[in-house]
Structures are given as structure tokens and as C-alpha cells.
Amino acid sequence: MATMVKGRCDPKFAELKEEFERSFAERGEVGASVCLSVNGETKVDLWGGKANPETGEDWQEDTISIVFSCSKAATSLCAHILIDRGELKPSALVADYWPEFAKNGKEKTTVQMMLNHESALPTLRDPVRPGGYLDWDYMIRRLEDEEAFWEPGTRNGYHMINFGWTVGELIRRVSGKSLGTFFRDEVAAKTGARFWLGLPEDADVHIAPIRTYEPKPTDVPTEFTLKLMTDPESIQHKSFMNSGGWDFNDRKSQAAEIGGGGGLSNARGQVAMYTPLAMNDGTLVSSERLANMTMVSTATQRDATLLVPTRFASGFMKSMDNRALNLGPGTSAIIGDKAFGHVGAGGSIGFADPECGMAFSYTMNQMGGGLLLNDRCQSLVDAAYRAIGYRTNAPGAWVQ
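Described below are features of the structure shown in this document. (Residues numbered from 1 in each chain as written. Predicted model: local features only at pLDDT ≥ 70, side-chain atom pairs only at ≥ 80, totals over all residues. Heavy atoms only, no water.)

### Observations concerning unusual backbone geometry
Moving on, step 1. Here the phi dihedral of Phe-68 falls at roughly 45°; this positive angle occurs in a residue that is not glycine.
Moving on, step 2. Relative to the elements of secondary structure, Phe-68 occurs in the loop between β5 (65-66) and α2 (70-84).
Moving on, step 3. With a phi angle near 55°, Asn-104 is a residue other than glycine that sits in the positive phi range.
Moving on, step 4. Here Asn-104 shows up in the loop between α2 and α3 (111-115). (Helix = DSSP H or I, 4+ residues; strand = E, 2+ residues; numbered from the N terminus.)

Put into C-alpha cells, the structure is as follows:
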């Protein structure tokens, strides 16, 4: 039986709706949402499928789920707000705000290095204690004591979950508020975004549990996956597995402020956050700061963690087209040339594209394979850009 997709869709984006429906019919979609705005006007707001197939619950209009590393964009936005106010300086040493961090090879780490995934703390070597991810102070002490994996600033390696604590602690030190509180006050309250970095215990929300990806016999593993499975001492294994038993579907975990991967939202919530940035309307940051947020600040042919080429813009992901390199499935995320945002594990995304005024997001509860986007999301992004008359260029981004 075909899955009924609900919501609204401007006829101009009919192809996007068709691709969304196709994902339920052909690509293993279980429950999902997709939303986009152009120049502040919502053009697509769709949802469908099951929030919890075990109980039969439908994905509802306001259903939310863990959006994993899409959370990093929310954390980065908080940092840019403080930078815009002159309270946090990208060129400053982290030690100027967080003196306890400056040891074990991390003394010369700058704020910009932290935003660039260059601060040399992609993971922790020794085991995280059970429940450690839920204890902010514990994780901060662990990061302070950890020895740098390389000389900070000399290379970048994706800081899987640690990004939320490294950048988040700067936000806490400078603002005097916890990461989740700062985001609530300075972003969610101003945009109406239903997006939480730390879900209050009394929040009246409908949460779709995340279903992890089950590898198929035909899957071709990436180099990251091979390292994760075969080398317990590798950055890849530790960054993914050394989590103290983090259960992202547990309500206590969802209450923790895990800015590197624990945020909860849906497509509509992420679009609400990104729309002022897509419009460059000054609600969250100045035009000057926004221009910086669109610019590539670090790029590499071999990310020390993901082991694929990556491009970042001060805490945000940029378009990454690795299709021609035959690195395995899900190693690309192709968005607009001026767009910035972040993917989440399993294939979700949120981003703003100020060049065309578009804010876009897709979220789901069934994780897919790969490091970046799979065909469920990329097909929607492609359809959205085609609808507004864009084309792809080399080295792989959507342009006018």
C-alpha cells in the first residue's frame, strides 16, 4: 500500500514531492519530513510514513527526531552570533576564554581551528565512562586532559560528537549560558524554530525513534567503515564507538545538551532556523557575518576522520561532490555553491542558500548508509534546485 504524504507543496516543486513519495515506495523510507522556503515563503512542507512502525504511530505534522550532526550547525550558529557581537574572536586563542584547555599540545589552538575541525580532538583515546555523554562537565574535563591527535591547525579531521563540546564550551564561557539555553534564547525564540539542543523534560512533543541502518550484503564499505570495523585504535573506531553507551533514543539522552549530534527537530524546525540566514535579513547575524558563514574556511583531499575530501565554512558543511572519486556510496552532499548547513548521520540535512533565498531541510527516522547524503535526500535537494532554475557545475555544486 502506498504511503500517504501529507502537507502542502507549491506546484512548482511537484518533482520534489514525487521524489519524496518515491522514497517511501522504492528507497526504504519509513517516516520523514521535508520542508523548504524561498525568500521567506514556505513552498514545501511535507511529511509521511510511520514515526514508530512497531506501535503503528504515524509521522505527524509536528513529529520530531534526533537530527544527529545537523545539530552542529545550530551550535555553530550560536558561535557566529557571539562573533558578530564582538564577544568571541575567531583569531583568538581558545585559552583566552578557556584556560584549562591549553595543555597537551593544544596550547596554540584558536577559535577558528575549533570551528574548522582542526583543533585535533576528533575523539577520545581512553573509554568514555557509561553515561559520559550526558555529563557536560565530565566531557569538558576529558577534552581538557586529552592530548592533541596532531598539531592543531595543520590539518582537519571531522570532530564527530566532540565538536558540540569544544565549540559549545566556548559559547558557555563567553555567554554565561549553557549551549542549549543560549540556542533557545538567541535562535529558537527569535525564529520560532522547534529545535532543541537539550529537550526539556516537560516538552510536549511527539518523537520518532531512530532506526539504525542495517548493512546489506551488496553494500560496498567505505574506507571509514573498514577502519571502524577492523582497527579498534583508529580515530574512525573511537570517534564512532567510544561513546559510553550513548543511547540517542533514551529520553535522558535527549535532555542532554549534545551539540555535536543530539539535537531534536524536523524539517520545518530546521527551515525556520535557516530562513533568516537564507534571506540575509539580519535577524540572527549581520550581512558581514553571513558572508563569512558562506565561505570555505578549510578543505582537504583526505579528512583525518572521514577519509574523504571535505569542505567546511567555519562550522558548517559546504557542497562536497566526491562522486568521481569512487570512494563508496554516500560520500557526497551536493548543495548550492553559496549554501552552508550540515548533514546528519543517516542522511538528513539542513541548509541555507542566500544566493537564491532558499532554506531547505529533510529529516527521517530510518538511517541510510554512507557518510553524507544518500539518494533519498539528494534527490530532494536536486529537485528543489531544478525547480528554481539552477544547474550543477564543476566541482559539483548547484549554481544559477
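Right, picking up where we left off after that structure.
### Comments concerning the pattern of salt bridges
Moving on, step 1. Tallied over the entire structure, the rule returns 27 salt bridges.
Moving on, step 2. Its salt-bridge partner being Glu-29, residue Arg-376 comes within 2.7 Å of it at the nearest N-O pair. Here Glu-29 lies in the loop between α1 (14-26) and β2 (31-38) and Arg-376 lies in helix α12 (residues 375-387), a separation of 347 residues in the sequence. Across the pair, exposure class does not vary: Arg-376 and Glu-29 are buried alike.
Moving on, step 3. The closest approach of N and O atoms between Glu-186 and Arg-85, which form a salt bridge, is 2.6 Å. Separated by 101 residues along the polypeptide, Glu-186 in helix α6 (residues 179-191) and Arg-85 in the loop between α2 and α3 bring together distant segments of the chain.
Moving on, step 4. Judged by its relative accessible area of 13%, Glu-186 is buried.
Moving on, step 5. Residue Arg-85 is classed as partly exposed on the basis of its relative accessible area, which comes to 39%.
Moving on, step 6. In the salt-bridge network here, residues are joined through shared partners; they are Glu-19, Arg-22, Glu-26, Arg-27 and Asp-375. (Salt bridge = Lys/Arg side-chain N within 4 Å of Asp/Glu carboxyl O. Buried < 20%, exposed > 50% of the residue type's maximum accessible area, 1.4 Å probe, protein only.)

### Topic: the layout of surface pockets
Moving on, step 1. For the largest pocket, the calculated volume is near 1500 Å³.
Moving on, step 2. Elements represented by at least two residues in the lining of the largest pocket include exactly α7 (223-230), α8 (235-241), β10 (340-344) and α12.
Moving on, step 3. For the lining of the largest pocket, the element with the most residues is α12, which contributes five residues.
Moving on, step 4. For the lining of the largest pocket, the residue count by class is 25 nonpolar, 17 polar and seven charged.
Moving on, step 5. What the second largest pocket holds in volume is close to 270 Å³.
Moving on, step 6. In terms of lining residues, the second largest pocket is bounded by 14 residues, among which Thr-3, Met-4, Gly-49, Lys-50 and Asp-58 are the most central.
Moving on, step 7. Residues that form the lining of the second largest pocket fall into these classes: seven nonpolar, three polar and four charged. (1 Å grid on protein atoms, 1.4 Å probe; cavity = no way out; pocket = protein on both sides within 12 Å on 5 of 7 lines; lining within 4 Å. Points joined across faces, edges and corners; volume = space filled by probe spheres on them. Nonpolar A, V, L, I, M, F, W, Y, C, P; charged D, E, K, R; others polar.)

### So, the nonpolar core
In a soluble, globular protein the nonpolar side chains are often hidden away together inside.
Moving on, step 1. Among the nonpolar cores identified, the biggest contains 114 residues, and Leu-16, Leu-77, Leu-277, Phe-360 and Tyr-385 are the most heavily contacted of them.
Moving on, step 2. Among the elements that line this core, the one with the most residues is α2, at nine residues.
Moving on, step 3. Among residues more than four places away in sequence, those in contact with Leu-77 are Val-187, Met-273, Leu-277, Leu-284, Val-285, Met-293 and Phe-316. (Core = buried A, V, L, I, M, F, W, Y, C linked by side-chain atoms within 4.5 Å. Contact = heavy atoms within 4.5 Å.)

### With respect to the packing of helix α4 (residues 136-145) against helix α5 (residues 163-175)
Moving on, step 1. Two numbers describe how α4 lies on α5: the axes approach to 10 Å, and their chain directions differ by 110°. Classed by the angle they form, the pair α4 and α5 counts as roughly perpendicular. Together, Trp-136, Met-139, Ile-140, Leu-143 and Glu-144 of α4 and Gly-164, Trp-165, Thr-166, Gly-168, Glu-169, Arg-172 and Arg-173 of α5 make up the contact between the two elements.
Moving on, step 2. A class-by-class count of the residues in the contact of α4 with α5 yields five nonpolar, three polar and four charged. (Axes fitted to C-alpha atoms, helices over the stretch in contact; angles between N-to-C directions. Parallel < 35°, antiparallel > 145°, perpendicular 65-115°, else oblique.)

### Concerning empty space enclosed by the protein
Moving on, step 1. In the structure shown here, the tally under the stated rule is five cavities of 30 Å³ or more.
Moving on, step 2. Taken as a whole, the largest cavity holds about 60 Å³ of empty space.
Moving on, step 3. Taken together, Pro-122, Thr-123, Leu-124, Val-128, Tyr-133, Met-139, Met-160, Ile-161, Asn-162, Lys-238, Ser-239 and Asn-242 make up the full set of residues lining the largest cavity.
Moving on, step 4. When the residues that make up the lining of the largest cavity are grouped by side-chain class, the tally is seven nonpolar, four polar and one charged.

### Some remarks on α6
Moving on, step 1. Here α6 is 13 residues long and its end C-alpha atoms lie 17 Å apart, about the 18 Å a rise of 1.5 Å per residue gives.
Moving on, step 2. Maximum bend of α6: about 30°, positioned at Asp-185.
Moving on, step 3. Looking only at α6, the buried set comprises Leu-179, Gly-180, Phe-182, Phe-183, Glu-186, Val-187, Ala-188 and Thr-191.
Moving on, step 4. Lining the buried residues of α6 we find α2, α4, α5 and α10 (267-279).
Moving on, step 5. Following α6 by one or two positions, Gly-192 has its phi on the positive side, about 75°. (Expected span 1.5 Å × (residues − 1). Bend = angle between axes of the 7 residues up to and from the residue.)

### Description of the state of the cysteines
Moving on, step 1. The tally for this structure, following the rule as stated, stands at zero disulfides.
Moving on, step 2. Not engaged in a disulfide, the cysteine Cys-70 finds its nearest cysteine sulfur in Cys-377; these two sulfurs lie 8.5 Å apart.
Moving on, step 3. Here Cys-356 is not disulfide-linked; the sulfur of Cys-35 is the nearest cysteine sulfur, at 14 Å.
Moving on, step 4. On the basis of relative accessibility, which here comes to 15%, the residue Cys-356 falls in the buried class. (Disulfide = S-S within 2.5 Å.)

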